[in-house]
Amino acid sequence: MQSYELGLDNLDVLIQDVLNHFSFGVIILKGNLAAGKTTFVKEMVKTLGVEDEVTSPTFSLQQCYGHNIYHYDIYNHGLEHFISLGMLEELDKEGLHFVEWGDDALKNILDEADMKNITIDIEKISKNLRRYRLDYA
């Protein structure tokens with residue numbers, strides 16, 4: 001497990017680490033409200049050269065950026081609802097898939113389906129400082 005303590009305006013080292021190990025698949029983002037999950041996605045999308053506006057898909061369930069970047073939020077309805085809508089099949093599309101509020105149950109499903117995934121747990125330390133724990137397992 002890799003760990004970083006970074007300011008919200010200094011995510012470059014974290015993003016490069018993720019991109020060096022992981023160029024496609026599912027990135028599960030864990031963390032409390034306002035931990036910086038959407039901020040991480042914004043910076044990643046920007047680093048990948050996509051100029052689309054990144055917003056939290058809390059109410060739309062899914063946002064798409066560029067040709068192969070997908071962003072999901074399962075906070076409001078939970079994993080069961082996500083699966084019942086057929087969204088699990090979306091995660092099998094070629095590209096990067098960011099899932100906010102993913103949990104161990106989702107990770108287990110992805111592992112059982114042999115879908116490449118990592119988990120990033122984001123902990124808010126202060127207004128601008130976060131601890132990021134990356135699990136590439």
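Everything discussed here concerns the structure shown above.
What counts, and where the lines are drawn
Residues numbered from 1 in each chain as written. Predicted model: local features only at pLDDT ≥ 70, side-chain atom pairs only at ≥ 80, totals over all residues. Heavy atoms only, no water. Buried < 20%, exposed > 50% of the residue type's maximum accessible area, 1.4 Å probe, protein only. Helix = DSSP H or I, 4+ residues; strand = E, 2+ residues; numbered from the N terminus. Arc of directions from axis to C-beta. Core = buried A, V, L, I, M, F, W, Y, C linked by side-chain atoms within 4.5 Å. Contact = heavy atoms within 4.5 Å. Pairing = 2+ DSSP bridges. Axes fitted to C-alpha atoms, helices over the stretch in contact; angles between N-to-C directions.

Colleague: What is the right way to look at helix α2 (residues 37-47) in this model?
Modeller: Those residues of α2 not exposed but buried are Lys-37, Thr-38, Phe-40, Val-41, Met-44 and Val-45. All buried residues of α2 lie within an arc of 155° about the axis, which places them on one face of the element. Within two residues after α2, Gly-49 carries a phi angle of roughly 85°, on the positive side.

Colleague: What am I meant to see in the nonpolar core here?
Modeller: General note: in soluble globular proteins, nonpolar side chains tend to be found buried as a group. Counting residues in hydrophobic clusters, the biggest one holds 26 residues, and the most contacted among them are Leu-14, Val-18, Ile-27, Phe-40, Phe-98, Ile-120 and Tyr-132. Among the secondary structure elements, those contributing two or more residues to this core are β1 (2-7), α1 (12-21), β2 (25-30), α2, β5 (96-100), β6 (117-124) and β7 (129-135). Among the elements that make up this core, the one with the highest residue count is α2 (four residues). Contact partners of Ile-120, with chain neighbours within four places excluded, come to Val-18, Ile-27, Ile-28, Leu-29, Lys-30, Phe-40, Tyr-132, Arg-133 and Leu-134.

Colleague: Before we go on, may I ask you to explain the sheet that holds β1 in this structure?
Modeller: Sheet strands pair via backbone hydrogen bonds, and the direction of the pair is either parallel or antiparallel. The seven strands are arranged β1-β7-β6-β2-β5-β4-β3 in an open sheet whose pairing can be described as mixed. Every other strand in the sheet has two partners, leaving β1 and β3 (62-65) as the edge strands with one partner each. Taken over all neighbouring pairs, the strand axes of this sheet differ in orientation by 20° on average, direction set aside. Sheet topology note: the β1/β7 ladder contains six bridges and is antiparallel. Bridging from a neighbouring strand, Leu-6 pairs with Arg-130 of β7. Sheet contacts for α1: β1, β2, β6 and β7; angle to β1, the most-contacted strand, approximately 150°. Sheet contacts for α2: β2, β3, β4 (69-73), β5 and β6; angle to β5, the most-contacted strand, approximately 165°.

Colleague: Could you clarify how one ought to interpret unusual backbone geometry in this entry?
Modeller: Apart from glycine, the bulk of residues carry a negative phi angle, and the bulk of peptide bonds sit in the trans form. Look at Ala-34: it is not a glycine, yet its phi comes out positive at around 65°. Assignment of secondary structure puts Ala-34 in the loop between β2 and α2. Its identity as a non-glycine residue notwithstanding, Asp-114 has a phi of 60°, on the positive side.

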